[in-house]
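# Examination of the molecular architecture
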Amino acid sequence: MEVFYASDYRQHSAFELSRGQFVPSTECPQRAESIVNALTAEGHTLSVVDRAPSDAILHRVHTREYLEFLSGAWESWETRFGSETPAIGFSWPPRGSSPRRPDDLVGQLGYHSFSADCSIVAGTWSA
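Keep in mind that what you see is a predicted model, and the values were worked out from it rather than measured.

Attention now goes to the nonpolar core. A general tendency of soluble globular proteins is for nonpolar side chains to be buried together. In this structure, F69, L70, A73, W74, W77, A87, L105, L109 and I120 together form the largest nonpolar core, which totals nine residues. Of all the secondary-structure elements, those providing two or more residues to this core are α3 (64-81) and α4 (105-111). Looking at this core element by element, the count peaks at five residues for α3. Beyond its immediate sequence surroundings of up to four residues, I120 is in contact with F69, L70, A73, W74, P86, A87 and L109.

For the rest of this paragraph, the subject is the pattern of salt bridges. Under the defined criterion, the tally for this structure stands at four salt bridges. Close ionic contact of R64 with E68 constitutes a salt bridge, the shortest N to O distance being 3.0 Å. Linking R64 with E68, this pair stays in helix α3, spanning four residues, or about one helical turn. Taking relative accessible area as the criterion, R64 reaches 54% and is therefore assigned exposed. Using a relative accessible area of 43% as the deciding quantity, one classes E68 as partly exposed. In this structure, the salt-bridge partner of R80 is D104, at a minimum N-O distance of 2.8 Å. Here R80, found in helix α3, pairs with D104, found in the loop between α3 and α4; they are 24 residues apart in sequence, far enough to count as distant.

Enumeration over the complete set of coordinates arrives at two aromatic pairs. On the numbers, 6.3 Å between centres and 40° between planes, the contact of Y66 with F69 is tilted. Pair noted here: Y66 and F69 are both in helix α3, with a separation of three residues, about one helical turn. Using a relative accessible area of 23% as the deciding quantity, one classes Y66 as partly exposed. The exposure class of F69 is buried, given its relative accessible area of 5%. Taking 4.5 Å as the distance between ring centres and 45° as the angle between the ring planes, the aromatic pair formed by W77 and F81 counts as tilted. Pair noted here: W77 and F81 are both in helix α3, with a separation of four residues, about one helical turn. Given the relative accessible area of 7%, W77 is considered buried.

Criteria and cut-off values
- Residues numbered from 1 in each chain as written.
- Predicted model: local features only at pLDDT ≥ 70, side-chain atom pairs only at ≥ 80, totals over all residues.
- Heavy atoms only, no water.
- Core = buried A, V, L, I, M, F, W, Y, C linked by side-chain atoms within 4.5 Å.
- Buried < 20%, exposed > 50% of the residue type's maximum accessible area, 1.4 Å probe, protein only.
- Helix = DSSP H or I, 4+ residues; strand = E, 2+ residues; numbered from the N terminus.
- Contact = heavy atoms within 4.5 Å.
- Salt bridge = Lys/Arg side-chain N within 4 Å of Asp/Glu carboxyl O.
- Phe/Tyr/Trp six-rings, centres within 6.5 Å; stacked < 30°, edge-to-face > 60°.

Take a look at the structure:
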């Protein structure tokens, strides 16, 4: 199996909420490295892709609404709350209860995630 990955994933060193405190996320660069190492050890071919995917590819996988949110979420968070804590959802509105996403960034963080382990940091979008 040929495996494709981008080294930019290292920029998403995020946090999750555990027992009321921010802790390093289990979805971290080190976990990705261990997966890459395990695949390599099994003889799989690794191809590093060090360029951003095209908009056409991104839109095949994600909605326009989600991509617009994710591309500007950190900047919006940083402007509003600073860069000391990760951007993270604390409430998760059920998708079926409203025909549209919330207008406010804090509501959108919950709308576009499923738990408090989906934080956004400065490098998330590029990763």
